[in-house]
Amino acid sequence: MPATSPLDLFGIDRLLTDEEIAIRDTVRRFCDDKIRPHIADWFETATIPARDLAKELGAMGLLGMHLDGYGCAGTNSTAYGLACLELEAADSGIRSLVSVQGSLAMYAIHRFGSEEQKRQWLPPMATGEAIGCFGLTEADFGSDPGGMRSRAVRDGSDWVLDGTKMWITNGSIADVAIVWARTDKGIRGFVVPADTAGFSAPEIRQKMSLRASVTSELVLEGVRLPDSAMLPDAHGLGGPLGCLSEARFGIVFGALGAARDCLETAIVYAETRRVFDKPLSAYQLTQAKLADMTVELGKGMLLALHLGRLKDDGVIRPEQVSVGKLNNVREAIAIARECRTILGANGVTLEYPVMRHANNLESVLTYEGTSEVHQLVIGQALTGQSAFR
Ligand code: TGC
Ligand code: FAD
């Protein structure tokens, strides 16, 4: 840690409650103890003890932490965002595990599910005994999920699902998948236990990003489900898109964690690295880089906190989440790349976290709506014209 952490300059703690600070600091300590010592190995070998980690994260109350009841912690959204920031300061893959579990799979059941679905799935998901995934994207329909080909067809009182989902976080380790499929009455969501006949989830290998995270295909071949498997209160694309707003909110904070970790690493490195007979940190060019990155990090943090307060007051709009996701992920990846220049050749190794974060942020830039999608959401809000098609 540098003597002055970049965010100290902004007096951020004055904007937080004691409870929010306590949650943030607890998650930071957990990451220091349980994640940081292992993360480079997990990233290099593309293995992660996700089941054990899920139980530890569940024991800390971090899974579905901003949801009420059913064993969930019921914190405010700002505290959830701060937890995402600390988790992603360790690795985006760990934050993804928590985002997908809490903001996508659990949120979908909590917001749109029947009482029976909530009672069956939310308590074990909150403890990490059960892992969930969220299947929206298909190989040919990522930014445009409304074009999906997966289908659910009525057969007597059952539903039969066929289709393939792609790039699904936690897919191969999931006990339950929330699968979105086209029906004769529009897009609907289904709660699919992973042991249902016809369901499989082969893992996608050879990723250069999010290597400490499981990413999978979901294959549904004649998956037969009772009527009670359908999420009763999600009608149309607004259902899954509502879940995305939740997860995007966590990323607004999370991406800043990756950026902060890069910046703190670069500051310490620059203080100890001597070039041309002086510490690298003593050169104006280095200080200009560090100052500019700190300003962007702090601006992003103030934006995230403002959005957190809007969300906690129940007035946040999807396009405001897009502003946060677009800015904070774009700035985070720029900071990661700039920090990498400060570390020189050392920056390309896993001995330092910087290139790992930079590579992870390539996925973060793409998932949960690409930068271009969020520019178009904001453009539509400004002009009233949709330029997606
Ligand atoms: P469009 O006609 O605009 O909207 C359809 C209906 O949805 C409503 N809506 C939203 N509701 C809640 N939250 C939002 N963010 C919403 N955006 C739209 C809208 O009001 C409408 O409702 P209604 O009642 O009128 O039917 O839909 P479109 O087909 O034109 O698409 C719009 C677009 C392009 C913005 C959308 O499809 C989109 O967001 N595309 C990006 C897809 C995406 O982000 N996928 C992410 C998959 S999950 C993931 O990546 C997990 S990564 C792992 C991790 O999180 O860590
Ligand atoms: P495309 O939609 O093909 O986009 C390609 C390029 O075209 C992008 O630059 C895009 O911005 C641009 N583009 C698209 N439309 C327009 C337009 N109208 N105008 C201009 N430019 C445009 N999905 C899930 O459902 N669940 C998950 O758990 C999940 N986890 C993921 C984990 C990882 C590691 C990754 C990488 C992805 C994950 N995804 C998940 C999928 C992710 O949401 C999609 O990759 C993302 O929505 C983009 O879709 P695409 O990859 O098909 O890109």
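Worth saying up front: this structure is predicted, and the values here are computed from it rather than measured. (Residues numbered from 1 in each chain as written. Chains lettered and ligands numbered in written order. Predicted model: local features only at pLDDT ≥ 70, side-chain atom pairs only at ≥ 80, totals over all residues. Heavy atoms only, no water.)

## Structural notes on the overall build of the protein chain
Across its full length, the protein chain carries eleven helices and nine strands. Judged by the C-alpha coordinates and their principal axes, the protein chain covers about 80 × 45 × 40 Å. The burial tally for the protein chain puts 54% of its 389 residues in the buried class. Across the protein chain, every contact between residues at least 6 apart in sequence was considered, and the portion connecting residues at least 24 apart equals 76%. Surface accessibility of the protein chain: about 16,400 Å² in total, with carbon and sulfur atoms responsible for 52%. The protein chain carries 39 positive and 49 negative side-chain charges, and their two centres are separated by 3 Å. (Helix = DSSP H or I, 4+ residues; strand = E, 2+ residues; numbered from the N terminus. Buried < 20%, exposed > 50% of the residue type's maximum accessible area, 1.4 Å probe, protein only. Contact = heavy atoms within 4.5 Å. Areas by Shrake-Rupley, 256 points an atom, 1.4 Å probe, with all protein chains shown as cover. Lys, Arg positive; Asp, Glu negative; His and termini not counted. Charge placed at Lys NZ, Arg CZ, Asp CG, Glu CD.)

## Focus: the side chain of Arg260
With respect to the helices and strands, the residue Arg260 is situated in helix α7 (residues 238-272). For Arg260, a relative accessible area of 6% corresponds to the buried category. The contact partners of Arg260, leaving out residues within four places of it in the chain, are Leu7, Arg28, Leu85, Glu86, Ala89 and Leu297.

## Re the side chain of Asp158
Relative to the assigned elements, Asp158 resides in strand β3 (residues 158-169). There is a polar contact of 3.0 Å between the side chain of Asp158 and the side chain of Arg224. Not counting chain neighbours up to four residues away, the residues in contact with Asp158 comprise Val153, Arg224, Leu225 and Pro226. (Polar contact = N/O pair within 3.5 Å; in protein donor to acceptor, adjacent residues only side chain to side chain.)

## Observations concerning the nonpolar core
What tends to happen in soluble globular proteins is that the nonpolar side chains get buried as a cluster. Counting 97 residues, the largest nonpolar core has Ile35, Ile178, Trp180 and Met301 as the members making the most contacts within it. Residues within four places of Ile35 in sequence aside, it is in contact with Phe30, Trp42, Leu53, Ala90 and Ile94. In this structure, Ala152, Ile168, Ala201 and Val223 belong to the second largest nonpolar core, which totals 19 residues. (Core = buried A, V, L, I, M, F, W, Y, C linked by side-chain atoms within 4.5 Å.)

## So, the pattern of salt bridges
The final tally for this structure, using the stated rule, is 25 salt bridges. A salt bridge links Arg95 to Glu88, with the nearest nitrogen and oxygen atoms 2.5 Å apart. Taking the shortest distance from any N to any O, the salt bridge between Lys165 and Glu138 comes out at 3.0 Å. With Lys165 in strand β3 and Glu138 in the loop between β1 (132-135) and β2 (151-155), this residue pair connects regions lying 27 residues apart in the sequence. Residue class for Lys165 comes out buried when judged on its relative accessible area of 0%. Judged by its relative accessible area of 6%, Glu138 falls in the buried class. Salt bridges sharing partners connect three or more residues here, namely Arg28, Glu86, Arg260 and Glu264. (Salt bridge = Lys/Arg side-chain N within 4 Å of Asp/Glu carboxyl O.)

## Digging into unusual backbone geometry
One non-glycine residue, Trp167, lies in positive phi territory at about 65°. Structurally, Trp167 can be placed in strand β3. In this structure, Asp277 takes a positive phi of about 75° despite not being glycine. With respect to the helices and strands, Asp277 occurs in the loop between β8 (274-275) and β9 (278-279). We classify Asp277 as exposed; its relative accessible area is 69%.

## Some points on the pairing of strand β7 (residues 215-226)
As defined by bridge partners, β3 adjoins β7 across nine bridges and the pair is classed as antiparallel. Opposite Gly163, over in β7, you have Leu220 as the bridge partner. Summarising the sheet, strand β6 (residues 199-200) and β7 pair through two bridges and their orientation is antiparallel. Bridge assignment links Ser200 to a residue of β7, and that residue is Val219. (Pairing = 2+ DSSP bridges.)

## Looking at the site of ligand 2
Around ligand 2 lies a shell of 16 residues, among which Thr137, Ser143, Trp167, Thr370 and Glu372 are the nearest. At 3.1 Å, a backbone N or O of Leu136 approaches an oxygen atom of ligand 2. At a separation of 2.8 Å, a nitrogen atom of ligand 2 approaches a polar side-chain atom of Thr169. Using a 2 Å cut-off from the grid points, one finds that ligand 2 occupies the largest pocket. For the shell around ligand 2, the element with the most residues is β3, which contributes three residues. (Near = heavy atom within 4 Å. 1 Å grid on protein atoms, 1.4 Å probe; cavity = no way out; pocket = protein on both sides within 12 Å on 5 of 7 lines; lining within 4 Å. Sits in = over half its atoms within 2 Å of the grid points.)

## Focus on the packing of aromatic side chains
Per the stated rule, a full pass over the model turns up four aromatic pairs. Relative to Phe190, the ring of Trp159 has its centre 5.5 Å away and its plane inclined at 65°; by these criteria the two rings are edge-to-face. Pair noted here: Trp159 is in strand β3 and Phe190 is in strand β5 (residues 186-193), with a separation of 31 residues, a long-range link. Residues Trp159 and Phe190 agree in their burial class; the two are buried. Over the aromatic face of Tyr283 sits the side chain of Lys278, whose NZ or CZ is 4.5 Å from the ring centroid. (Phe/Tyr/Trp six-rings, centres within 6.5 Å; stacked < 30°, edge-to-face > 60°. Lys NZ or Arg CZ within 6 Å of the ring centre and 35° of its normal.)

## Overview of the site of ligand 1
As a matter of local geometry, ligand 1 sits amid 24 residues, with Ser96, Ser143, Arg248, Glu368 and Gly369 nearest to it. Take Glu368: an N or O atom from its side chain is 2.8 Å from an oxygen atom of ligand 1. In the model, an oxygen atom of ligand 1 is placed 3.1 Å from a nitrogen or oxygen of the Arg389 side chain. Summarising the interface, the protein chains cover 68% of the accessible area of ligand 1, which totals 1,100 Å² for the free molecule. For ligand 1, the cavity whose grid points lie within 2 Å of the majority of its atoms is the largest pocket. Of all the secondary-structure elements, those providing two or more residues to the shell around ligand 1 are α5 (92-112) and α7. A total of six residues in the shell around ligand 1 trace back to one element, the largest contributor, which is α7. The residue inventory of the shell around ligand 1, partitioned by class, reads ten nonpolar, ten polar and four charged. (Nonpolar A, V, L, I, M, F, W, Y, C, P; charged D, E, K, R; others polar.)

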